[in-house]
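Below, each chain spelled out in residue letters.
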Amino acid sequence: MTTTITGTTGIFYINNPGTITGDFSLKSQYSQEVIYTVSGYDVEEQNKRYAKIVVPFPADFKDKHYNGYYTFCFGDLCDIVKIITQPGGDTGKVEYISSNEDRDAEVFYRPNY
């Protein structure tokens, strides 16, 4: 699952949810550190197949560049999510503008056969 955190909320889905209890926690797949925990969240939709849960995030969470893979848990219910934040960070690449836009070839050596 992929979720985008652009403001102060994130939307998470769980398959076959049963009863959703406990705190929400977000743990990094890379460092295995819990980076965010909250006890208040809203179950927006729930049926036998899935649950849609809206989790509040701090306003500065999106600026910390937490792009990557995380394990999210609601009590004992856990799954993996890819987090995308805005602005997400710069790629660091500089645009290259060619001095040979017409793609003219230069011949350095041409043998006479």
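These remarks concern the structure in this document.

Parameters at a glance
Throughout, residues of each chain are indexed from 1 in the direction in which the sequence is written. In view of the model being predicted, local features appear only for residues whose pLDDT reaches at least 70, and side-chain atom pairs are presented and counted only at 80 or more, with totals across whole chains, interfaces and linings using the full set of residues. Side-chain figures throughout are based on the complete set of non-hydrogen atoms in the structure, without hydrogens or water. Two aromatic rings, drawn from Phe, Tyr or Trp (for Trp, its six-membered ring), form a pair once their centres lie within 6.5 Å of each other, and the interplanar angle then sorts them: stacked below 30 degrees, edge-to-face above 60, tilted otherwise. Numbered from the N terminus, helices here are DSSP runs of H or I no shorter than four residues, and strands are runs of E no shorter than two. Throughout, exposure labels follow a simple rule: accessible area from a 1.4 Å probe, protein chains only, divided by the maximum for the residue type, with under 20% read as buried, over 50% as exposed, and the rest as partly exposed. Two strands qualify as a pair provided that DSSP identifies no fewer than 2 bridges between them. Axis lines are fitted through C-alpha atoms, for helices just across the contact stretch, and the angle between N-to-C directions can take any value from 0 to 180 degrees.

In this section: the packing of aromatic side chains. If you walk through the whole model with that rule in mind, you get 14 aromatic pairs. For the pair Phe-12 and Phe-74, a centre-to-centre distance of 6.5 Å together with 75° between the ring planes defines the contact as edge-to-face. Residue Phe-12 is found in strand β2 (residues 9-15), and its partner Phe-74 is found in strand β7 (residues 68-74); the two are separated by 62 residues along the sequence. With relative accessibility at 0%, the residue Phe-12 sits in the buried group. Overall, Phe-74 belongs to the buried group, its relative accessible area being 1%.

Spatial strand order, β1-β8-β7-β3-β4: five strands in an open sheet with mixed pairing. If you trace the sheet from one side to the other, it starts and ends with β1 (2-5) and β4 (34-38), each paired once. Across the sheet, the mean angle from the axis of one strand to that of its neighbour is 30°, orientation sign disregarded. As paired elements, strand β3 (residues 24-28) and β4 share four bridges and run antiparallel to each other. If you follow Phe-24 over to β4, its bridge partner there is Val-38.

Moving on, we get to the sheet that holds strand β5 (residues 42-46). Remark on secondary structure: sheet strands pair via backbone hydrogen bonds, oriented parallel or antiparallel. In space, the three strands of this open sheet follow the order β2-β6-β5, with antiparallel pairing throughout. Each end of this open sheet is capped by a strand with a single partner; those strands are β2 and β5. Along the sheet, successive strands turn relative to each other by an average axial angle of 20°, direction set aside. Pairing of β2 with strand β6 (residues 50-56), which is carried by seven bridges, proceeds in the antiparallel orientation. The partner of Gly-10 across the bridge, within β6, is Val-55.

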